[in-house]
Amino acid sequence: MPRDTLLEAPVAAPAATDHDDLRSLEAGLDRLQTTPERRASAWRRFTTSVLPPILFVAVLVAAWQLYIVIAQPRPDIVPAPADVVNAISAAWESGRLQLAITTSLERGILGFLIAIAVGTPLGLLLAEVRPLRRAVGPIISGLQVLPSVAWVPAAIIWFGLSDATVYFVILMGAIPSIVNGLIAGVDQVPPQLRRVGTVLGARRWELATLVVLPAALPGYVAGLKQGWAFSWRSLMAAEIIAMGGTIGFGLGSMLQQTRELADLAGVLATILVILAIGILIELVAFAPLERRMLRRRGLLVERDR
Amino acid sequence: MPRDTLLEAPVAAPAATDHDDLRSLEAGLDRLQTTPERRASAWRRFTTSVLPPILFVAVLVAAWQLYIVIAQPRPDIVPAPADVVNAISAAWESGRLQLAITTSLERGILGFLIAIAVGTPLGLLLAEVRPLRRAVGPIISGLQVLPSVAWVPAAIIWFGLSDATVYFVILMGAIPSIVNGLIAGVDQVPPQLRRVGTVLGARRWELATLVVLPAALPGYVAGLKQGWAFSWRSLMAAEIIAMGGTIGFGLGSMLQQTRELADLAGVLATILVILAIGILIELVAFAPLERRMLRRRGLLVERDR
Amino acid sequence: MSGQTAIRIEHLGKRFGAGPLVLDDVNLSITAGEFVCLLGASGCGKSTLLNLIAGLDQPTTGSIDTPAEGSAVMFQESALMPWLTARANVELALRLRGVPRAARRGEALELLDVVNLADAAEKRPHELSGGMRQRVALARALAQDRPVLLMDEPFAALDAITRDLLHEELERVWRQTGRTIVFVTHNVREAARLGQRVVLLSSRPGRVAGEWRIAETAGRRIESPEVAALSIEITDQLRKEIRRNAA
Amino acid sequence: MSGQTAIRIEHLGKRFGAGPLVLDDVNLSITAGEFVCLLGASGCGKSTLLNLIAGLDQPTTGSIDTPAEGSAVMFQESALMPWLTARANVELALRLRGVPRAARRGEALELLDVVNLADAAEKRPHELSGGMRQRVALARALAQDRPVLLMDEPFAALDAITRDLLHEELERVWRQTGRTIVFVTHNVREAARLGQRVVLLSSRPGRVAGEWRIAETAGRRIESPEVAALSIEITDQLRKEIRRNAA
Amino acid sequence: VLTGCSAQSAAGETAAASADAGTPSEELRLGYFANVTHAPALVGLQEGLFEEALGDTTLSTQVFNAGPAAIEALTAGAIDATYIGPNPSINTFIQSAGESARIVAGAATGGAALVVRDDIDSPEDLEGTTLATPQLGNTQDVALRSWLADEGFTTDTSGGGDVHITPTENAQTLTLFQQGQLDGAWLPEPWVSRLIVDAGAKVLVDEADLWEDGNFPTTVLLVNATFLAEHPQTVEALLEGHLASLAWLDEHADEAATVINAALEAETGKPLADEVITRSLEHVTFSADPHAETFATLVENGLEAGTQKAGSIEGLFDLRLLNGLLEDAGEEPVSAGDLGEE
Ligand SMILES: Nc1ncnc2c1ncn2[C@@H]1O[C@H](COP(=O)(O)OP(=O)(O)OP(=O)(O)O)[C@@H](O)[C@H]1O
Ligand SMILES: Nc1ncnc2c1ncn2[C@@H]1O[C@H](COP(=O)(O)OP(=O)(O)OP(=O)(O)O)[C@@H](O)[C@H]1O
Ligand SMILES: [Mg+2]
Ligand SMILES: [Mg+2]
C-alpha cells in the first residue's frame, strides 16, 4: 500500500530544529552508526586458533612414531620422539639445558637492549634530519641485507672467542632493523597529524613527543620485533660458529656440541628448545604489546571469516 | 564588488542539461580532478638518492684511511682500505672469488627456485583452505621464528657435508617466508574485489586466476623478496659452518677460510662482496619488479617531501 | 504500474548467525524498467537487502524472485581491479559474460564512450578521479548486460559537483537502456532527485517504513522545488525513525 | 558589513616551487564574526588558501592579515590522535594552549557536551562514527579558543543525514560563540545553506570568480527554496568555470 | 648402486664379513685428516700403496678437519671408510645401536699430552685455569676430564667447575694460548709439539704415562658396516694397503718426516716446522693393533666425563680380515678384546 504523493507545490516553510530536538536526533544517529566491538569468546578463540595447530603437531608426532615402529630406521638417523624427549630431560637433569638457556637468553636480551639504546636515537636522527637520512639510510638498509652470520669471522678476529664477539654480531644484526623500523614508523605518521599538532600550537619538541613519537609507535614496535628476531638469529649463528675460548655455553654451543657427538636426538631437542623460546618470547613479550597497541588504535583486524 | 542577491522566490524551473553540455562539463571536471603523474627527473633522482650514500661511503673510507695513517694500527687488526681492495683483486686474479661467487649464487638461486616451487602451491593451499590454515599456519609462522642456522647441524648429520645440507637449510629458511607472504597477500585482497568477481559471474577457478592471484601479487612479491633474503642468509650460514667434505667452495667457505688464515683484509673483502651481491640482487631483480608492480597499481609513494 | 514485475520480495527476513534480526518481513515488488531508491539510516540493512537481491547472500526467511539473467551490481567503492586499465576492467566483465575475445575491445570502448571516458580507456584506476572510476564501474556494470542494475551508494564518496553530474549521467543511461534500477542511498535529496519511487527502511530491524511515488520525473534537478518538498517530507519521516533509536 | 575586519587578504599569489600559479591576485576581507564559504572545483586552491590563512604556508606574493591570536583549523579527516580518547584529544589542545592540568578535564568535558558527546568522552576515535569524530574535532578546535575558525571541507566525507545534522550543529555553535568562520567546500548547497557570504574561486589559477551575500540566514534548511534558488545560480556560474577547463 | 651403502638400511650381518661372501666394490671412498697421527693414510696415498693394493677399485679420498665431520660423512654415505680417533668411532657405534660402522684395524698410538704455560708446575696449580681440548667428547677431551677427576677436580661439559674446559679448534687454541687466554690444552700431535715449539708451552702430563705399557689408541681405521658386509674383498685390499703403509713407515723412519710434511703441505698449504714434525713423530707409534683392550676404559671415561651416551660397544671390532692378512704375513694376530670378531 504505497502512499502516493503527487507533488505540485512545496510544503510549509521548514521550522528550525531546536536544540533538544537536535540532541535526540544526534543521539539516535550515534547509536545507529556505532556497533559495539565484539571480541571473540575465549572458548571460540581456543577452538579456532589454539587447538588446530596442537592437533596438527600431535598428528605429526604420531606419524613420526608410526614410521619408527614400521620402518625401524637407524636411531642415529631418525630418532624416535621418545628419544628426543629423553634428550631434553637428560639435558635438563644435568643442568646443561638450564645453563644454555640462561646464557643465551641473557646475551640475547642484553644485546637486544643495547641495540635498542643505540638504534632508537640513531633512527630518530635519521628520520628527522633529511640530508643525513639520504646519506646514511641506504647504507643501513644495505646492512640489513647482509647476513649477520658474515660478521662472525670478522668479530672472532677482532674480539677473539669472547662474549664481545657475540654482542658485536647481535648488534650488527639488530640495529639496522630497529633503525629502519623507526624510520618507517615516522614516515608513516600521517602528515595531517603533524599539521594538526602545529595548528594546535605545538613547538618542535612538543610535536615530537606528543604527536610524532606516539604516532610512529606501531612501526617502531614492528622494528623492535624484527630486531629481536635478528638478535636471536645472530646469537645462534655466533654461538654455533664461535665455539670454545672464553665464550660461555649457550644454546648454539649446545647444538654444535650435540652435533659433534653425532647425537641427532640431542640436536632435534635443542632445535625444539630454540623454536620454543622464539615462539614464547613472541607470545609473551611482543604479541600482547602489539595487540594492545593495535587494539587501542582500532588497527587490530579480528580475523575469523 | 560583491554581487548581492536577495532571495525571495525560486528562480525559473531548471532546464535539463543536454548531453553535449554534460559531456563538456564532465570533460572539464575530469581535467581538473586528475593531475598527471610527475616522475622525478633522472638527474634529481641521482642527486637526491644515489649521490648522498656514495658520498657518505667515500667519507667513511677517507676517515678509515686517516685513522690508518695517524694511529698506524696493527694491519692484522685494522687493515688499510687498500689492503681490502688488494685482497679482493688477489682473490679475483687467483680465480677463487669468481668460483666462490658462482658457487654461492648458483646454490642460492637454485635453492630459492625450489623454495618458490614448493612454497607457492603450499601457500595457496593454506590461504584458501581454512581448516588447513588454522592447523598449519601457526606452525609455519613459528618456523619463521626459528633461526635457519639451527638447522645446519641437523642437516649435516642427515646429509653430511654435501650440497644437500646447503639446500635443506635454504629451503627451511625460505619456504616459510614465501608461504607467509602469499597468505598475507591473499588475506589483503579486498573482499570487495572477490564480490565483484562473483557478481561478474566468475567461477571458482576464474575467480582465483583472474582476481585473487593478481590482487595478491604485492604480498607475494614481498614474500619472495623476504624469501630470497632468508635464502641468502641461510646459505651463508650453512657455508660457514659446513666446510669441507664434498661441499664446494662458496663465499661462506671463503669467509671461513680467510678467517682461519687470520687474514682480516680478506675477511672484510669477502663481507663486502657478500654485501654487494645482496644489494645487487635487490636492485637488479626485486626493486624493478616491485616498482613496476606498485606503480601500475598506483601504490608507489614517491618520497621527496 | 503497467509492465511486468522484475523483482518480487515477499516476507523477507535476514539474520546473521545468532545476531539480531537485520531485515524483518520486507515486502516489495519492482516493475521492469522502474527506478527505485532504497533509503535508510546507517546500518539499517540496505546493503544486506541489495546483496540478497544480487544473490550474494541467502535470506533467512521469505523469498526473492529476480530475472533469470541475474543482476549487475555497483558498489560505493568502484572496486575496479587496480592492475587493469579502464578498458581491461570492462573487458573482464565481457569475458566473464562470454563475449568472444575479438569483439571485446570494440564493445568495451563503446561502453566507455557511453560514460564519456573513451579518452581514458588506457588509464589505470589510480590515475582516474573518483568520479571517473565510478563511471568506469558503471560501464562495467552495463557490460554485464543484465536487466537489473543494483547500486549500493555508488556516489556517496564523491564530491557534490561530481555527484550532481553523475545523477544526470545515470538518468540518461537509465532512459536509454530501460534497465530496472535499485539504488541504495542515505541521501534523501539524491533519492528524491533520482527515483520514480522512494522506499524508506526503518532501522533495527529493517522494515519498509514508508513509500513515495514521483509522478513526473523528467527535467528534475536536485535544486528543483518538487525535489525539495519531497525531501522535507521524507526527511521528517526519516528523522522520526532515527529519533526512535535515541533512547 | 559593520564590525571590524578579522582577515584581510590582498593581492595574494601562491606558487609551489617551479609549478604553475595556484592562486593569483586573491583579494578578500572578512569581518569579525562573519561566516564565509569558499567554494570551488577540485584543485582550485581552496586548501592552499586556507593553509595560507592558517599560517601553515607562506604566500609567494601579496599579504594576509589575521588576528594575532591565530586561528583554529578543522580538516576533512578529523585527524584525531588515534591513541587518545575523545577527551584526551580535546585535553591535548587545552594543554598546548597552556591551560593548567587541573582545569583541563572539566573544560574538555564541557566542550564535548557542547557537541553532544559527553557520553563518548572515554571512547577512542576508532570507536566513533565519522560524524562523532568530526564533532570531537570541532570540540578540539573550540578548545583552542581562537577568534577565527578555518574549516577545510569538514563534512565532505560524511553521509548526507549526518551532514545535515552537523550543519545545524555548526550554525548553533557559530551563533553561540560568535567566531569568524571560513568554510571551504565544493558542495554548492552546503555553501548556500551555511554561509552569510559565498565566495566562488575559479580554477587554474584560483581567482575570486563571484561573490554572493545572503541577507537572511535564520531558519534556513538545506531544502529551503531560497537555498535552492541561490544554489542554482551559483551552480551555473561554477559549471561555467568548469567548462572553461574542458578544452 | 654398488657403492651406495645406503646409510638408512640396517647394516648387514657382520657374520658375512669374510672374504668369500660379497663382491668387490668399484669404488672406495676413504676419509682421513691432514694430521701427523694420520701418517699411514698420508704415506699410503703419497707412495701409491693403496692404489696398488686396491687394483681395479677406484680410490677417492676426502680430507676432514675433525672426527664429527668424518662420522657425518660416513653416516650420510658420502665415504665408505675413514681414519679416525677411537672416541668418535665409539660414539657412532653407540648412537646407531651398533649398526653404523666397524673398526677393522688400528693405525696409530700415543702422541697426546697436556701442555701448559710455563708457570704451572703441578696438577694443583690447575685450579681455576682454563684448558682447551680439540673437541667435546674426542679422545683428548675425555682423557683430560677423567685425569682431572682423578686429580680431584670437578669439570662439566658446559665449561664450569674447578677447571674450565673449553673445546676449541686446534689452530685457534694455538692463537689463544699465545694471547694468554688459555692456560693449557690436552692435544694430539703435532699440536703438542707446535705449542711447545711455537708458544713455549711445556708438557705437564704425557698421556702415555696414564696407560698400561704407554699404549693407547690415537687413530683407527673405521669402515661402514654395510660396506664391510657387501664388499669384504675391497676392505681387505684397503687393509693390505694400510699394512703396506705401516711397513713403509717402519722401514723408512728417516724419510717419514719429509714425506709426511710434503703431504701436509699439499693438503693445507703450509708444512710443519722440521722441529715440530720430528718431535711429533718421536711421540707417535704406528701399528695395526687397535688396542681393543683399552676401549672399555675409554667408554668408562667418556661416561664419567658426561660426553658419552651409555651403550654397548660389543661388536665394534671386526678384525678378521686384518688377522687373516697378518697370519698370511706370519705375524701375530691382534686381539679384539672380546668386543667383536678377531
Ligand atoms: N556479514 C555480516 N555479519 C554480521 N552482521 C552483519 C553482516 N553484514 C551486515 N551486518 C549487520 O547488519 C546490519 C545492516 O548492515 P548493512 O551493511 O546492510 O547496513 P546499511 O544499511 O548498508 O548501512 P550503511 O548505510 O552504513 O551502508 C548492521 O547492523 C551490520 O552490523
Ligand atoms: N605542496 C604542494 N606542492 C605542489 N603543488 C601543490 C601542493 N599543494 C597543492 N598543490 C597544487 O595546488 C593546486 C591546488 O591544490 P589545493 O589542495 O589547494 O586544491 P583544493 O581546492 O583544496 O582541492 P580539493 O577540492 O581537491 O581539496 C593543485 O593543483 C595541487 O596540485
Ligand atoms: Mg551499506
Ligand atoms: Mg582541499
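Parameters at a glance
Residues numbered from 1 in each chain as written. Chains lettered and ligands numbered in written order. Predicted model: local features only at pLDDT ≥ 70, side-chain atom pairs only at ≥ 80, totals over all residues. Heavy atoms only, no water. Pairing = 2+ DSSP bridges. Helix = DSSP H or I, 4+ residues; strand = E, 2+ residues; numbered from the N terminus. Axes fitted to C-alpha atoms, helices over the stretch in contact; angles between N-to-C directions. Contact = heavy atoms within 4.5 Å. UniProt positions renumbered as here; feature names shortened; annotations may be inferred. Near = heavy atom within 4 Å. Polar contact = N/O pair within 3.5 Å; in protein donor to acceptor, adjacent residues only side chain to side chain. Areas by Shrake-Rupley, 256 points an atom, 1.4 Å probe, with all protein chains shown as cover. Nonpolar A, V, L, I, M, F, W, Y, C, P; charged D, E, K, R; others polar. Salt bridge = Lys/Arg side-chain N within 4 Å of Asp/Glu carboxyl O. Phe/Tyr/Trp six-rings, centres within 6.5 Å; stacked < 30°, edge-to-face > 60°. Buried < 20%, exposed > 50% of the residue type's maximum accessible area, 1.4 Å probe, protein only. Lys NZ or Arg CZ within 6 Å of the ring centre and 35° of its normal.

**Quick notes on the sheet that holds strand 5 (residues 71-74) of chain C**
All names here are of chain C.
Moving on, step 1. Reading across the sheet, the six strands line up as 5-6-7-3-8-9 and stay open at both edges, with mixed pairing between neighbours. With partners counted over all chains shown, the strands left at the sheet margins are strand 5 and strand 9 (208-213), one partner each. Along the sheet, successive strands turn relative to each other by an average axial angle of 15 degrees, direction set aside.
Moving on, step 2. With respect to the sheet, helix 1 (residues 46-54) is in contact with strand 3 (35-39), strand 5, strand 6 (148-152), strand 7 (180-185) and strand 8 (197-201), its orientation differing from that of strand 6 by roughly 155 degrees.

**Remarks on the UniProt feature "transmembrane region" (unreviewed entry) in chain A**
Moving on, step 1. The positions UniProt marks with the feature "transmembrane region" (unreviewed entry) are residues 46-70, 109-127, 139-160, 166-186, 207-224, 230-252 and 264-287 of chain A.
Moving on, step 2. Secondary structure over residues 264-287 of chain A splits into 100% helix and 0% strand, and the C-alpha atoms at its two ends are 32 Å apart.

**Details of the site of ligand 1**
All names here are of chain C.
Moving on, step 1. Surrounding ligand 1, one finds Phe-16, Val-22, Ala-41, Ser-42, Gly-43, Cys-44, Gly-45, Lys-46, Ser-47, Thr-48, Glu-153 and His-186.
Moving on, step 2. Between ligand 1 and Cys-44, the relevant distance is 3.2 Å, taken from an oxygen atom to a main-chain nitrogen or oxygen of the residue.
Moving on, step 3. Contact distances for ligand 1 include 2.5 Å between an oxygen atom and a side-chain N or O atom of Thr-48.
Moving on, step 4. Out of a free accessible area of 630 Å², ligand 1 has 61% covered by protein chains.
Moving on, step 5. Ranked by residue count, the leading element in the shell around ligand 1 is helix 1, at three residues.
Moving on, step 6. Residues of the shell around ligand 1, tallied by class, amount to four nonpolar, six polar and two charged.

**Things to note about the interface of chain A and chain B**
Moving on, step 1. On the chain B side, the residues contacting the 54 residues of chain A number 54 residues.
Moving on, step 2. Between chain A and chain B we count zero salt bridges in total.
Moving on, step 3. No other element matches the eleven residues that helix 5 (residues 130-145) of chain A contributes to the side of chain A that touches chain B.
Moving on, step 4. By residue class, the composition of the side of chain A that touches chain B is 36 nonpolar, six polar and twelve charged.

**Some remarks on the site of ligand 2**
Residues and elements named next belong to chain D.
Moving on, step 1. The environment of ligand 2 is formed by Phe-16, Val-22, Ala-41, Ser-42, Gly-43, Cys-44, Gly-45, Lys-46, Ser-47, Thr-48, Glu-153 and His-186.
Moving on, step 2. In the environment of ligand 2, an oxygen atom lies 2.5 Å from a nitrogen or oxygen atom belonging to the side chain of Ser-47.
Moving on, step 3. Here an oxygen atom of ligand 2 and a side-chain polar atom of Thr-48 are 2.5 Å apart.
Moving on, step 4. For ligand 2, the protein covers 61% of the area, taking 630 Å² as the surface of the free molecule.
Moving on, step 5. Ranked by residue count, the leading element in the shell around ligand 2 is helix 1 (residues 46-54), at three residues.
Moving on, step 6. Its residues assigned to classes, the shell around ligand 2 comprises four nonpolar, six polar and two charged.

**Notes on the packing of aromatic side chains**
Moving on, step 1. Per the counting criterion, the structure on display carries 22 aromatic pairs over all chains.
Moving on, step 2. Ring plane angle 90 degrees and centroid distance 5.8 Å describe the contact between Trp-151 of chain A and Phe-168 of chain A, whose orientation is recorded as edge-to-face. Of this pair, Trp-151 of chain A sits in helix 6 (residues 151-159) while Phe-168 of chain A sits in helix 7 (residues 163-187), placing them 17 residues apart in sequence. Pair check on accessibility: Trp-151 of chain A and Phe-168 of chain A agree, each one buried.
Moving on, step 3. Ring plane angle 20 degrees and centroid distance 6.2 Å describe the contact between Trp-211 of chain E and Phe-216 of chain E, whose orientation is recorded as stacked.
Moving on, step 4. Through pairs of rings, three or more aromatic residues link up here, namely Phe-112, Trp-228, Trp-232 and Phe-286 of chain A.
Moving on, step 5. In this arrangement the basic side chain of Lys-14 of chain D is found over the ring face of Phe-16 of chain D, its NZ or CZ atom lying 5.1 Å from the centre.

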